[in-house]
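Summary of the model geometry
The residues making up each chain are set out below.
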Amino acid sequence: MKVALMGHGVVGSGVAEILLEKKESLAEKAGSLLELVKILDLRDFPQLSYQELFTKDFSEIESDDSISIVVEAMGGLHPAYEYVKSCLEKGKSVVTSNKELVAEKGAELLAVAKEKNVNFFFEASVGGGIPVIRPMHLCLAANELKTVYGILNGTTNFILTKMIREQMSFEKALSIAQELGYAEKDPTADVEGIDACRKICILASIACKKHIYPKDVYAEGITKITAEDVAYASAAGYVVKLIGQAKLGKEQHQVMVTPALVPVDHQLSGVDDVFNAVLIEGDCTGDVMFYGKGAGKMPTASAVVADVVHAAKMPGTSLSLTWEDSTASVALPLTSCENSFYYRLQGSVKPETVEQLWGEVVWLTRKDQPANEVAFMTACMKEGEAVKAEKQLQDAVILSKIRYLD
Ligand code: HSE
């Protein structure tokens, strides 16, 4: 079976290495030889032993009817979307690691794959090397899924771990994550929660079977987390993590990405470095947790190659999951979402005033806490109510507001 690869970056080069070096074991698993015949990339790689496979011309892949599986590892929306759509329309199965593509165009591309009786697989788009998409839609098929949440970005988890454990600066930790190949081309997508937002949108779309678009989902990154917040959290028995959450409702679903204080005895609190974890609650299974390396060349390439093997096993059969496109937003508006909050305030605010505005709270303390600083944790409330309380606050400024898991 002939395979083409589009994009020879961090993930793509890992895919090429696995396909070329593990030919025999993959052939056994796929039931046929997986022959990598073309690699599309605009750059030259004169040092590579397989440089004869490279082309700069997409039409060499698109118009070659003998190629039945195409791997897209270019990243970005364009031209990945046009190339993938065209390959599917030509009757080729496509495997991608591109979360932006799936989060923005998943419903449309899945429909094209169904119509052409081919596959559009994207296991590597969420959780890097962790098998989560196929287990979620196949192995948990008996369940109504109630919640899906977790740590979905390796770069930010790596940065937070370094900042908390080693008191490393944000910039230094980010540059190490970039060197290790974890970060996106533009790391803004990682640190501002955009990458995690795309991933929770994909998981939420699988869970509710309707496309949830990133533009409808509130996403906040880790750039505003301070050492003071980490100190309050730690003194109260919490760690700070970037959490993607999807709480499934009847018509609308609470989907968001925010930093959150996670209790130290919670399953997610010990998920450190580049590791990701996804917790899924099904009505039959209860909690199921998926854990592993969420970014990096070989873990992500592993998930891509597994999809290639899966596509190769059943030529002429469409095994892809599907979800419907949605015109009206199925994501609950932020003001109606419910969360619990940690606040840090500066000023001469009285405890009674805080409790009048936010209701009963738990007060936090930290070492070297300034006299004019308070921190507290609220009960669970609507986001809109929390904002209303903030607007009525006088004589103090809000230095930090972070959600927490209870
Ligand atoms: N930049 C992403 C991360 C890569 O750090 O998780 C894997 O999707």
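Scroll up to find the structure.
Since this is a predicted model, take the numbers as computed values, not measurements.

Two modes of strand pairing occur in sheets, parallel and antiparallel, and in both the strands are linked by backbone hydrogen bonds. Ordered by their spatial adjacency, six strands build an open sheet running β3-β2-β1-β4-β5-β6, and the pairing between neighbours is parallel. Edge positions in the sheet fall to β3 (54–55) and β6 (120–121), since each of these pairs with one other strand and no more. Pairing of strand β5 (residues 93–96) with β6 involves two bridges; the strand directions are parallel. Bridge pairing in β6 links V95 to F121. Its contacts with the sheet put helix α12 (residues 297–313) on β1 (2–6), β4 (67–72), β5 and β6, and the angle it makes with β4 is roughly 160°.

Here we take up the site of the ligand. What surrounds the ligand is the set K99, N153, G154, T155, Y182, A183, E184, D190, D195, K199, G294 and A295. Between an oxygen atom of the ligand and a main-chain N or O atom of G154, the distance comes to 2.7 Å. In this structure, K199 approaches the ligand through a side-chain N or O atom, which is 2.8 Å from an oxygen atom. In isolation the ligand exposes 250 Å². Once the protein is present, 93% of that is buried. If you list the elements that add at least two residues to the shell around the ligand, you get α7 (154–166) and α10 (194–208). A breakdown of the residues in the shell around the ligand according to their chemical character gives three nonpolar, four polar and five charged.

Moving on, we come to the state of the cysteines. What the rule picks out here adds up to zero disulfides. Not engaged in a disulfide, the cysteine C197 finds its nearest cysteine sulfur in C201; these two sulfurs lie 4.2 Å apart. C197 gets classed as buried once you look at its relative accessible area, which sits at 4%.

Here we take up the packing of helix α5 (residues 99–115) against α10. The description of two helices packed together rests on the angle between their axes and the distance between the axes. Contact pair α5 / α10: the axes reach a minimum separation of 9 Å and the direction vectors enclose 50°. As judged from the angle between their axes, α5 and α10 are oblique. Crossing handedness for the pair α5 and α10: left-handed. In this structure, α5 uses K99, E100, V102 and A103 to contact α10, whose residues at the interface are D195, R198, K199 and I202. Taken together, the residues of the contact of α5 with α10 sort by class into three nonpolar, no polar and five charged.

A few words on unusual backbone geometry. The residue after H78, namely P79, is reached through a cis peptide bond having omega 5°. The residue Q167 is not glycine, and still its phi comes out positive at about 50°. Mapped onto the elements of the fold, Q167 is located in the loop between α7 and α8 (170–179). On the basis of relative accessibility, which here comes to 64%, the residue Q167 falls in the exposed class. Non-glycine residue D395 carries a positive phi angle of around 65°. Its location among the elements puts D395 in the loop between α14 (383–392) and β17 (396–404). When its relative accessible area of 59% is taken as the criterion, D395 is described as exposed.

Right, let's talk about the packing of helix α1 (residues 10–21) against α12 for a bit. Between α1 and α12, the least distance of the axes is 8 Å, while the angle of their chain directions is 60°. Regarding the angle of α1 to α12, the classification is oblique. Every pair of crossing elements has a handedness; the one defined by α1 and α12 is right-handed. Contacts between α1 and α12 pair V10, V11, S13, G14, V15, E17, I18 and L19 from the former with K297, M298, T300, A301, S302, V304 and V305 from the latter. Per-class residue counts for the contact of α1 with α12 are nine nonpolar, four polar and two charged.

As enumerated under the stated definition, the model contains 14 aromatic pairs in all. Measuring from centroid to centroid gives 6.4 Å for Y232 and Y342, while their planes differ by 55°, and the two rings are tilted. With a gap of 110 residues between them, Y232 in helix α11 (residues 227–235) and Y342 in strand β13 (residues 338–347) connect regions that are remote in the sequence. No difference in accessibility class separates Y232 from Y342, as the two residues are buried. The structure contains a cluster of three or more aromatic residues connected by ring pairs, namely F341, Y343, W358, W363 and F376. The lysine or arginine in question, K105, covers the ring of Y81, its NZ or CZ lying 4.5 Å from the ring centre. The aromatic ring of F121 is capped on one face by R134, whose charged end is 5.1 Å from the ring centroid.

Rules and cut-offs
- Positions within a chain are numbered from 1, following the residues in the order the chain's sequence is written.
- Given that the model is predicted, a residue must reach a pLDDT of at least 70 before its local features are reported, and side-chain atom pairs must reach 80 or more before they are shown or counted; all residues, however, enter totals for whole chains, interfaces and linings.
- The side-chain numbers reported here are obtained from all heavy atoms of the structure, hydrogens and water having been left aside.
- At least two bridges found by DSSP between two strands is the condition for calling them paired.
- Where helices and strands are cited, they refer to DSSP runs of H or I of at least four residues and of E of at least two residues respectively, numbered from the N terminus.
- In what follows, residue pairs with any heavy atoms lying within 4.5 Å of each other are defined as contacts.
- Comment: axis = line fitted to C-alpha atoms, over the contacting stretch for helices; angle = value between 0 and 180 degrees taken between N-to-C directions.
- Here a residue is considered near a molecule or strand provided that any single heavy atom belonging to it is located within 4 Å of it.
- Residues adjacent in sequence count toward polar contacts only when both atoms are side-chain atoms; beyond that, a polar contact is any pair of N or O atoms within 3.5 Å, and within protein one must be able to donate a hydrogen and the other to accept it.
- Where accessible areas are quoted, they stem from the Shrake-Rupley method and a 1.4 Å probe; at the residue level, only the protein chains shown are allowed to cover.
- Amino acid classes used here: Ala, Val, Leu, Ile, Met, Phe, Trp, Tyr, Cys and Pro are nonpolar; Asp, Glu, Lys and Arg are charged; the rest, including Gly, are polar.
- Two cysteine sulfurs form what is called a disulfide whenever their separation falls within 2.5 Å.
- Throughout, exposure labels follow a simple rule: accessible area from a 1.4 Å probe, protein chains only, divided by the maximum for the residue type, with under 20% read as buried, over 50% as exposed, and the rest as partly exposed.
- Just so you know how the angles are binned, under 35 degrees is roughly parallel, over 145 roughly antiparallel, 65 to 115 roughly perpendicular, and the rest oblique.
- Whether a crossing is left-handed or right-handed is set by the direction in which the near helix is turned from the far one by less than a right angle, anticlockwise for left-handed and clockwise for right-handed.
- Stacked, edge-to-face and tilted labels apply to pairs of Phe, Tyr and Trp rings (six-membered ring for Trp) whose centres lie within 6.5 Å, assigned for plane angles under 30 degrees, over 60, and everything in between, in that order.
- In this scheme, Lys NZ or Arg CZ marks a charge over a ring once it lies within 6 Å of the ring centre and within 35 degrees of the ring normal.

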